[in-house]
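# Descriptive analysis of the structure
Each chain, letter by letter, is given below.
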Amino acid sequence: MSTYKLTYFNVTGLGESIRYLLSYLGINFEDVRLNFDNWPDHKSSTPMGQVPVLEIDGKKYHQSRAIGRFLAKKANLYGSDDVEAMEIDASIDSMDDARQALSLYYWQQDPAFKEKLKEIAFEKWPYYLNKFEEQVKKNGGYFVGGKLSWADILWAAYSDYLSFVLNGDPNKDHPELKKLVDKVRALPKIKAYIEKRPKTQL
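Residues numbered from 1 in each chain as written. Predicted model: local features only at pLDDT ≥ 70, side-chain atom pairs only at ≥ 80, totals over all residues. Heavy atoms only, no water.

To continue, consider the packing of helix H4 (residues 82–107) against helix H5 (residues 111–138). Across the interface, H4 lies against H5 with an axial gap of 8 Å and an inter-helix angle of 155 degrees. The orientation of H4 relative to H5 falls into the category roughly antiparallel. Viewed along their axes, H4 and H5 form a crossing whose handedness is left-handed. On H5, the residues touching Ser91, Ser94, Met95, Asp97, Ala98, Ala101, Leu102, Leu104, Tyr105, Tyr106 and Trp107 of H4 are Lys114, Leu117, Lys118, Ala121, Phe122, Trp125, Tyr128, Phe132 and Gln135. For the contact of H4 with H5, the residue count by class is 14 nonpolar, 3 polar and 3 charged. (Axes fitted to C-alpha atoms, helices over the stretch in contact; angles between N-to-C directions. Helix = DSSP H or I, 4+ residues; strand = E, 2+ residues; numbered from the N terminus. Parallel < 35°, antiparallel > 145°, perpendicular 65-115°, else oblique. Left-handed = near helix turned anticlockwise from the far one by under 90°. Contact = heavy atoms within 4.5 Å. Nonpolar A, V, L, I, M, F, W, Y, C, P; charged D, E, K, R; others polar.)

Here you go:
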């Protein structure tokens, strides 16, 4: 039996969807959570100086979307054909566009620039949410193909992170998205993970 070890910060961010997918697959994994203070001690041991890193039988793999795609295929959550796979990829790219706009604002240290980035992010944010809501409604409660996919898992996991950035539930005014996130979090193995996961910094 293969051994799995995920290394990421003790935050939700880019690592949480991987934790969700591993849990969904029923894979026991070592959940290594770094803090920002000791990150410099670990950086040089990663393939590209960044996390998350997934080790499988001691071999290290990097890039969150590459890892997510690998696990999604393993879990049959990457669509029924190449067209669905493309639609899932497009949905995930759009989610990343939305997340990155908010993250750039959230992590900016310069007050004046932060205010500018906030203005840009919050101007775009409702557009993304409305588009996602429309897509999920059109697809029977899921992002693609009327069934659970990696895109749904990712949005549920990103919602954890976005709730910190926005200081509230990002889906509260979008009922289809809220129902979807609740469905994902109620999946037995993901629910069990959520109930036992450590408290995160954000």
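Turning our attention to unusual backbone geometry. A cis amide bond, omega 15 degrees, links Val51 with the succeeding residue Pro52. For Pro52, the location among the structural elements is in the loop between helix H2 (39–43) and strand E3 (53–56). In this model, Asp57 sits at a positive phi of 55 degrees, which is unusual for a non-glycine residue. Of note, Asp57 is situated in the loop between E3 and strand E4 (59–62). Its identity as a non-glycine residue notwithstanding, Asn167 has a phi of 60 degrees, on the positive side. In this structure, Asn167 sits in the loop between helix H6 (150–166) and helix H7 (175–186). By relative accessible area, Asn167 is classed as exposed at 72%. (Buried < 20%, exposed > 50% of the residue type's maximum accessible area, 1.4 Å probe, protein only.)

This model, assessed by the stated rule, comprises 16 salt bridges. With its nearest N and O atoms 3.2 Å apart, the salt bridge here joins Asp160 to Arg197. On the criterion of sequence distance, the pair formed by Asp160 in helix H6 and Arg197 in the segment after helix H8 (188–196) is long-range, its members being 37 residues apart. Because the salt bridges share partners, they merge into one network encompassing Glu16, Arg19, Asp31, Arg33, Asp160, Arg185 and Arg197. (Salt bridge = Lys/Arg side-chain N within 4 Å of Asp/Glu carboxyl O.)

Moving on to the packing of helix H1 (residues 16–24) against H6. With their axes 8 Å apart at the nearest point, H1 and H6 run at an angle of 130 degrees to one another. For the element pair H1 / H6, the angle class is oblique. Crossing angle aside, the handedness with which H1 passes H6 is right-handed. Of the residues in H6, those touching H1 at Glu16, Ser17, Tyr20 and Leu21 are Trp150, Ile153, Leu154, Ala156, Ala157 and Asp160.

A few words on the side chain of Asp96. With respect to the secondary-structure elements, Asp96 resides in helix H4. On the basis of relative accessible area, Asp96 is assigned to the buried category, the value being 4%.

Let's shift gears to the nonpolar core. Core analysis: the largest hydrophobic core is formed by 60 residues, its most contacted members being Tyr20, Leu22, Met95, Phe132, Phe143, Trp155 and Val184. In terms of residue count, the dominant contributor to this core is H6 (11 residues). Non-local contacts of Val184, meaning those with residues more than four positions away in its chain, are made with Tyr20, Leu148, Asp152, Ile153, Ala156 and Ile190. (Core = buried A, V, L, I, M, F, W, Y, C linked by side-chain atoms within 4.5 Å.)

Quick look at the UniProt feature "domain: GST C-terminal" (unreviewed entry) in the chain now. Those residues carrying the UniProt feature "domain: GST C-terminal" (unreviewed entry) are residues 81–202 in this numbering. Secondary structure content for residues 81–202 is 75% helix and 0% strand, and the end C-alpha separation is 36 Å. (UniProt positions renumbered as here; feature names shortened; annotations may be inferred.)

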